[in-house]
Amino acid sequence: MHKKVLIISHSGDLHADLVSPILAERGHAPFRIDLDAFPRAYQLCQRLQDGRASARLRRLPDGDWLDLQQVGAVWLRKAADYAYVSADLTPQERAYAQLETEQAIFSVLYSLDCYWLSHPLALRGAQWKGEQLARAARMGFRVPATVITNVPDDVRAFRATVGGPIIFKSMSTPSLAAEAVEDVDRVSTGIGTTIVDDDAMQDSLDAVSELSCQFQEYIVKQYELRVTVIGQQLFAARLYSQDDARTAIDSRDMSAPIRYEAATLPDDIRQRCLAFVHSYGLEYGALDLIVTPEGEYVFLENNPVGQFLYVQQLVPALPLLESVATTLIEGALCRSQT
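What you see is a predicted model; the values in this text were computed from it and never measured.

**Q** I would appreciate a short explanation of the environment of serine 86 in the present structure.
**A** With respect to the element layout, serine 86 can be found in the loop between strand E6 (71-76) and helix H2 (91-109). The partly exposed category is assigned to serine 86, whose relative accessible area is 34%. C-alpha separation for the pair serine 86 and glutamine 313, spaced 227 residues apart in sequence, amounts to 40 Å.

**Q** Even after reading the chapter, I still don't get the side chain of arginine 77, so can you show me in this structure?
**A** Position of arginine 77 among the secondary structure elements: in the loop between E6 and H2. For arginine 77, a relative accessible area of 5% translates into the label buried. In this structure the side chain of arginine 77 is engaged in a polar contact, spanning 2.8 Å, whose partner is the side chain of glutamine 307. Other than its neighbours up to four places away in sequence, arginine 77 contacts Ile8, Ser9, Asp13, His15, Val305, Gly306 and Gln307.

**Q** Before we go on, may I ask you to explain unusual backbone geometry in this structure?
**A** Backbone phi values are negative for most residues with the exception of glycine, while trans is the configuration of most peptide bonds. The omega angle of the peptide bond from phenylalanine 38 to proline 39 is 0°, so this bond is cis rather than trans. With respect to the element layout, proline 39 can be found in the loop between strand E2 (31-34) and strand E3 (42-49). Residue aspartate 50 is not a glycine yet carries a positive backbone phi of 55°. Looking at where aspartate 50 falls in the secondary structure, it is placed in the loop between E3 and strand E4 (52-59). Residue aspartate 50 is classed as exposed on the basis of its relative accessible area of 75%.

Definitions and limits used
- Here the residue numbers are simple positions, counted from 1 along each chain's written sequence.
- Where local features are concerned, this predicted model is filtered to residues with pLDDT of at least 70; where side-chain atom pairs are given and counted, the filter is 80 or more; whole-chain, interface and lining totals use all residues.
- With hydrogens and water set aside, each side-chain value is computed from the structure's full complement of heavy atoms.
- To qualify as a helix, a DSSP run of H or I must reach at least 4 residues; to qualify as a strand, a run of E must reach at least 2; elements of each kind are numbered from the N terminus.
- The classification of residues rests on relative accessible area computed with a 1.4 Å probe and restricted to protein chains. Under 20% of the type maximum is buried, over 50% is exposed, and intermediate values are partly exposed.
- Residues adjacent in sequence count toward polar contacts only when both atoms are side-chain atoms; beyond that, a polar contact is any pair of N or O atoms within 3.5 Å, and within protein one must be able to donate a hydrogen and the other to accept it.
- Contacts are assigned to residue pairs that have any heavy atoms within 4.5 Å of one another.

Listed below in structure tokens is the structure:
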């Protein structure tokens, strides 16, 4: 019997919804944990007895038990807030329940000897944007001149040194954590990559003293690239972000109907992208690059669990869903043979 594929995400994850039937059609129907229904809709039991460890899991009300030792591949997609049987937990009860839930589920998951797309420890180490830039530079990428600081004078000096426009770019989320607070407490829906002009330097820069912010030189673009690494495969999409004013500075405005097309990278850039993702122990990465009018490739960032469905929807020639399914099946099959 071949090893099972386990998908960990949340109930609203369309990526997982679309990969699951591909796996099923190929004889590898996955077991899925929706964290926004865990542990409310699941039963989990881990045993340590006589020097032996075992664990099993099932979905309520009548799901079959999964022996977690039979898991050969895990696709760790997206996090979500846990859900409990009691809807009226006090704040302290909920805080404690979350800590205990993490202990329970990750004690089991970390003990799995299987293929990961990607392992949570690798994901944790790969998410820091300043470290990414330093690593990319060491590996031969050009990276934008950058300062991350809570000293306003450092930003002024940086802008003078750059000698041209600079941008502000959030390191964590462009939503400014709007999704983490209630509507009544939301003061902003977010800010994308923004040119820091003279007015901002004069009127807003002192706010930097509140927390460290990231500023970079503005790099003129010919076009942008979204490079998706899945296992040993790489898929590149060219974004003509300069065709529309809404995406000229920040290409994440999906309301602009800019062109996307499949791209072929120079071999040295292709190998560098693969090596960068794998240097963290990751099996997945979604890298953002700029190509300048002079044809130079500039590294911006890597998204360890970045979205990819929109890329396939806009560039059907890039079979990303199928590649994820194939990679998980091959990972599980390798574990079945060991």
